[in-house]
Amino acid sequence: MSFSSYLKYNILGDDIMDKKQVCSLNLSAILCRRPDALARVQGSADYRNINGTVSFYKTVHGTIVYARVGGLPTERGGCKGRVFAFHIHEGSECRGNYDDPFAAALSHYNPKGCQHPYHAGDLPPFFEAGGTAVSAFLTDRFSVDEIIGKTVIIHSGVDDFTSQPAGNSGKKIACGKIISC
Ligand SMILES: [Cu+2]
Ligand SMILES: [Zn+2]
């Protein structure tokens, strides 16, 4: 990557960006705005403590996604911090059945017929810290308007970014419907 493209895409390094880029991708300024869309995430019956918000912001470079989720299962000690797959699913309801509490969320949002992990709905996983995960990233795989009415899903397992069709991510443990703000 060239130094100029590093400057362009380093959304956190405000002080090394030129003035124009600071205006378009200053993360703290973006997060002070009202989001353009929002999902309130709630855990399934077996994961009632999971609760959080995923916010979506339109920028000239793509969509900034900012997620804060608490009440995640946590493990303490040496090599045990948990990782949870995180996706946008194409379904519009957080309903399901005993075996799959959010079955109505359906599969990964994939309007272009790509393979996992190149689905438009494939996102960086959550790394929990004491049961809380905070994540902010830029993506140009979808616009905010495209994903309104779809769902965000957190899974019990790690996304391996290889297995088809969904990265062997485990059960759906939390869900939220994306609504426009
Ligand atoms: Cu998923
Ligand atoms: Zn996928």
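Residues numbered from 1 in each chain as written. Chains lettered and ligands numbered in written order. Predicted model: local features only at pLDDT ≥ 70, side-chain atom pairs only at ≥ 80, totals over all residues.

### Looking at the confidence of the model for the protein
Here the protein averages 90 in pLDDT, and 87% of its residues register 70 or above. Taken as a whole, residues 1–17 scores under 50 in pLDDT and shows 13 contacts with residues more than four places along the chain or in a different chain. (pLDDT = per-residue confidence, 0-100. Contact = placed C-beta atoms within 7 Å.)

### Comments concerning the pairing of strand β2 (residues 51–59)
Sheet analysis places strand β1 (residues 37–43) next to β2, joined by 6 bridges and oriented antiparallel. When the bridges of β2 are listed, Ala39 appears paired with Val54. Sheet topology note: the β2/strand β3 (residues 62–70) ladder contains 9 bridges and is antiparallel. Paired with Phe56 across the bridge in β3 is Val65. Counted between consecutive antiparallel strands, the loop separating β2 from β3 contains 2 residues. (Pairing = 2+ DSSP bridges. Helix = DSSP H or I, 4+ residues; strand = E, 2+ residues; numbered from the N terminus.)

### A word on the nonpolar core
With 33 residues, the main nonpolar core has Val41, Ile50, Val69, Val152, Ile154 and Cys175 as its most contacted residues. Contributions of two or more residues to this core are made by β1, β2, β3, β5 (86–89), α4 (144–147), β8 (151–155) and β9 (172–180). Residues in contact with Cys175, not counting those within four places in the same chain, are Val41, Gln42, Cys94, Phe102, Ala105, Thr151 and Ile153. (Core = buried A, V, L, I, M, F, W, Y, C linked by C-beta atoms within 7 Å. Buried ≥ 20, exposed ≤ 12 C-beta atoms within 10 Å, placed from the backbone.)

### A few points about unusual backbone geometry
Across the junction of His116 and Pro117, the peptide omega takes the value 5°, indicating a cis bond. Cis geometry marks the peptide bond from Gln164 to Pro165, where omega comes out at 5°. For Pro165, the position within the fold is in the loop between β8 and β9. With a phi close to 60°, Leu106 is a non-glycine residue in the positive phi region. Of the residues examined, Leu106 has 15 C-beta atoms within 10 Å and is grouped as partly exposed. The backbone of Asn168 shows a phi angle near 50°, a positive value even though the residue is not glycine. Tracing the sequence through the fold places Asn168 in the loop between β8 and β9. A tally of 16 C-beta atoms within 10 Å means that Asn168 is categorised as partly exposed.

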